[in-house]
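# Architecture at a glance
So you can see what is in the structure, the chains are spelled out below.
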Amino acid sequence: MSTLHSQVNKMEMVGIYKDLFIIICLGLLGWGVIRIERIYQYPFFMGSMFTSFILPQAFALISKPEQVSLEALQRVLLVSCLCATACWIGYQIRPDPKWLTKLNTAIDERKLFRAGIVLMASGLFFTLLLSRTTAATGENGNWTGLATIYLNFSQTTQIALGIFILKFIQRPNIINFICTVFSAWPLLGAVIIGRRQPTMTLLVTIGLSLFWVRRLVPPRILVIIGMLSIAVLIPVLGTLRGDFWNLIFSGKWQDVLAVSQHAFDNQQKGDLLELRNAALVMDAVERTGLFGYGTGWWDSIVLQWVPGQIVGFDFKKSLQFNLWDKYLNLLKDFYGYKNPAGATFTGIGDSFVEFSYFGFLSFALIAYIFKHVWISATYYKSTCSRILYLGLVSPTMIALTHSVGFAIQQSSFQLIFIGLALYYSKVKHKYSTEWV
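Residues numbered from 1 in each chain as written. Predicted model: local features only at pLDDT ≥ 70, side-chain atom pairs only at ≥ 80, totals over all residues. Heavy atoms only, no water.

## Looking at the packing of aromatic side chains
- Counting across every chain of the model gives 28 aromatic pairs.
- With centroids separated by 6.5 Å and ring planes inclined at 75°, the aromatic side chains of Y293 and F355 adopt a geometry described as edge-to-face. In this pair, Y293 is assigned in the loop between α13 (274–288) and α14 (295–305) and F355 in helix α18 (residues 346–355), connecting sequence segments 62 residues apart.
- Each ring, one from W374 and one from Y389, has its centre 5.6 Å from the other, and the planes form 55°; the classification is tilted. Taken together, the residues W374 in helix α19 (residues 361–378) and Y389 in helix α20 (residues 383–401) connect sequence positions 15 residues apart.
- On the accessibility criterion, W374 (2% relative accessible area) is buried.
- Pairwise contacts between aromatic rings join Y40, Y42, F211, W212, F370, W374 and Y389 into one cluster.
- Its guanidinium or amino end placed over the ring of Y91, K371 lies 5.2 Å from that ring's centre, counting from NZ or CZ. (Phe/Tyr/Trp six-rings, centres within 6.5 Å; stacked < 30°, edge-to-face > 60°. Helix = DSSP H or I, 4+ residues; strand = E, 2+ residues; numbered from the N terminus. Buried < 20%, exposed > 50% of the residue type's maximum accessible area, 1.4 Å probe, protein only. Lys NZ or Arg CZ within 6 Å of the ring centre and 35° of its normal.)

Next comes the structure, spelled out in C-alpha cells:
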C-alpha cells in the first residue's frame with residue numbers, strides 16, 4: 001500500500017514539474033514579447049529553444065518513459081526547470097563596469113575589413129578541402145581525422161559574416177555585398193540541406209545586424225507566429241533536411257503539412273528522445289556518484305585543440321578523463337540502453353553529470369556573460385561586442401541542444417579567432433567611431 005502511495009506521489013510531482021516547466025518557458029517568451037527588442041537577448045532566445053526543443057520532448061517522455069523511472073523523470077524535469085530559470089536569473093545580475101570597459105575597445109575599420117577578408121578566404125579554403133574529403137567516423141558516429149580539422153577551420157567564415165553583414169547594412173555597396181555573400185555561402189549551403197542550427201544562426205545573425213544598425217525589429221505578431229512555427233519546424237527539418245525547401249519552393253503545401261504532422265507524431269511517440277538520454281545518464285550518475293566535476297568539459301577542450309593526427313591519438317586520450325565512456329557502459333549495464341548514433345544528452349543532462357543539481361548555474365553564468373556583451377553591443381555600440389555576440393549565438397544553442405561541454409569547445413574556437421581579428425584591428429584612441 002505504501003509503495004502504491006509513493007508511486008502516486010511521484011506521479012503528482014511529475015505533473016507539478018511539468019506545469020512549472022511550461023510556466024517558466026512561457027515566462028521567458030513573454031519577457032521578450034512584452035518589449036519586442038528583447039527577442040534577441042539571451043533569456044528570450046533560450047526560452048524559444050527550451051519551448052521548441054525540450055518542452056515537446058518532455059511531453060513525449062512523460063507519455064512514454066520506457067526505461068526512465070518516475071524518480072529519474074522527476075529529476076530531469078526539475079533540472080530542466082532550474083536550467084531554464086537560470087537563463088533569466090543570471091541575466092538580472094548587475095553588470096560589472098570593468099567588463100563593459102574592456103569590451104568597449106576601439107576598432108580600426110580598415111584593419112577589421114582586412115581581417116574579415118583573411119577569415120573569409122581561410123574559411124572558404126577549408127570548406128573546399130572538406131568537400132573533397134571523405135570523413136571517417138568513430139564508434140559513436142562522430143567524424144574523426146582530417147575532416148574534423150577542416151570542419152573546425154571552415155567556421156571562420158561565420159566570423160567573417162558577422163563583420164561583413166554589419167558593414168554592408170551600415171554602408172551598402174557592391175564590395176560589402178560580395179564579401180557578405182561569400183562569407184555566408186557555407187552557412188547558406190547548410191540551410192539549403194535543412195540543417196536546423198545553421199538556419200537559426202543565419203536568421204539571428206541577420207535580425208541582430210538589422211536591429212543594431214537600423215534599429216529594425218519584426219512585428220510582434222510575426223514573432224508570435226514564428227515561436228509557434230519553430231516547435232513544428234525543428235522536427236520537420238530534422239526529418240526532411242534538404243527536401244523541406246524543395247517542397248516549399250514547389251508549392252507542395254499539403255505534403256509539407258503531412259510531413260509536419262508525421263514528424264510531430266513520431267516525436268510524441270517518444271521512440272528517440274534526447275531528453276530520455278539525459279534522464280538516464282543523470283540517473284546513472286546519481287546512483288553511482290560518478291560526477292565529472294568539470295572533467296567532461298576539459299575533455300571537450302582537449303578534443304578541440306589537441307590534434308591526434310600530429311601528437312598521436314593515444315597521447316591525446318591520455319590527456320582526457322574519458323568518463324563518458326564509463327557513462328555509456330553504465331547505460332548498458334543499468335538499463336540495457338544504447339545511445340543512438342548522433343543523439344545528444346542535452347545541456348540539461350551534461351550540466352547535471354558534471355556538477356549535480358548545481359550544474360544549472362552554468363546557464364546562469366552564460367546569461368551573465370551575454371548581459372555584458374549585449375549592453376556593450378547595443379548601448380555602447382561596440383563593434384567588438386557585436387562581432388563577439390554574433391559569434392557566440394551558435395554555441396549558445398549547442399549548450400542546450402547538445403551539451404555545455406560542446407558549447408565550450410565551439411566557443412573557444414570563436415573566441416580565439418575573434419580575439420585575433422580584434423587584436424589586429426584595435427586602435428590606440430579611447431573611443432571607436434566606426435559604424436556608429
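Back to the text.
## Description of helix α8 (residues 174–192)
- If you look at α8, its biggest bend is around 50°, right at W185, and the proline P186 turns up within four residues after that.
- Of the residues flanking the start of α8, the one acting as N-cap is N173, its side-chain oxygen 3.2 Å from the backbone nitrogen of I175. (Bend = angle between axes of the 7 residues up to and from the residue. Polar contact = N/O pair within 3.5 Å; in protein donor to acceptor, adjacent residues only side chain to side chain.)

## As for the pattern of salt bridges
- Counted according to the given criterion, the structure contains seven salt bridges.
- Between K167 and E109 there is a salt bridge, and its shortest N-O distance comes to 1.9 Å. Pair noted here: K167 is in helix α7 (residues 156–170) and E109 is in helix α5 (residues 109–131), with a separation of 58 residues, a long-range link. In this pair, the class of K167 matches that of E109, namely buried.
- E109 is paired through a salt bridge with R171; the nearest N and O atoms lie 2.1 Å apart. Of this pair, E109 sits in helix α5 while R171 is found in the loop between α7 and α8, placing the two residues 62 residues apart along the sequence.
- When its relative accessible area of 36% is taken as the criterion, R171 is described as partly exposed.
- Here the residues in one salt-bridge network are K64, E66 and R276, joined through shared partners. (Salt bridge = Lys/Arg side-chain N within 4 Å of Asp/Glu carboxyl O.)

## Quick word on the packing of helix α2 (residues 42–63) against α13
- Relative orientation of the contacting elements α2 and α13 amounts to 70°, with a least axis distance of 8 Å. The angle between the axes of α2 and α13 places the two elements in the roughly perpendicular class. In this structure, α2 uses F53, I54, Q57, A58 and L61 to contact α13, whose residues at the interface are E274, L275, R276 and A279.
- Taken together, the residues that form the contact of α2 with α13 break down as six nonpolar, one polar and two charged. (Axes fitted to C-alpha atoms, helices over the stretch in contact; angles between N-to-C directions. Parallel < 35°, antiparallel > 145°, perpendicular 65-115°, else oblique. Contact = heavy atoms within 4.5 Å. Nonpolar A, V, L, I, M, F, W, Y, C, P; charged D, E, K, R; others polar.)

## So, the confidence of the model for the protein chain
- Across the protein chain, the average pLDDT comes to 87, with 84% of residues at 70 or higher.
- A low-confidence stretch, residues 431–436 (pLDDT under 50), is modelled with 19 contacts involving residues beyond four sequence positions or located in other chains. (pLDDT = per-residue confidence, 0-100.)

## Regarding α13
- Here α13 spans 21 Å end to end across 15 residues, near enough to the 21 Å set by a 1.5 Å rise per residue.
- Those residues of α13 that sit buried are E274, L275, R276, N277, A278, A279, L280, V281, M282, D283, A284 and V285.
- As for α13, its buried residues are in contact with α2, α3 (70–92), α17 (323–335) and α18.
- One or two steps after α13, the chain reaches G289, where phi turns positive at roughly 75°. (Expected span 1.5 Å × (residues − 1).)

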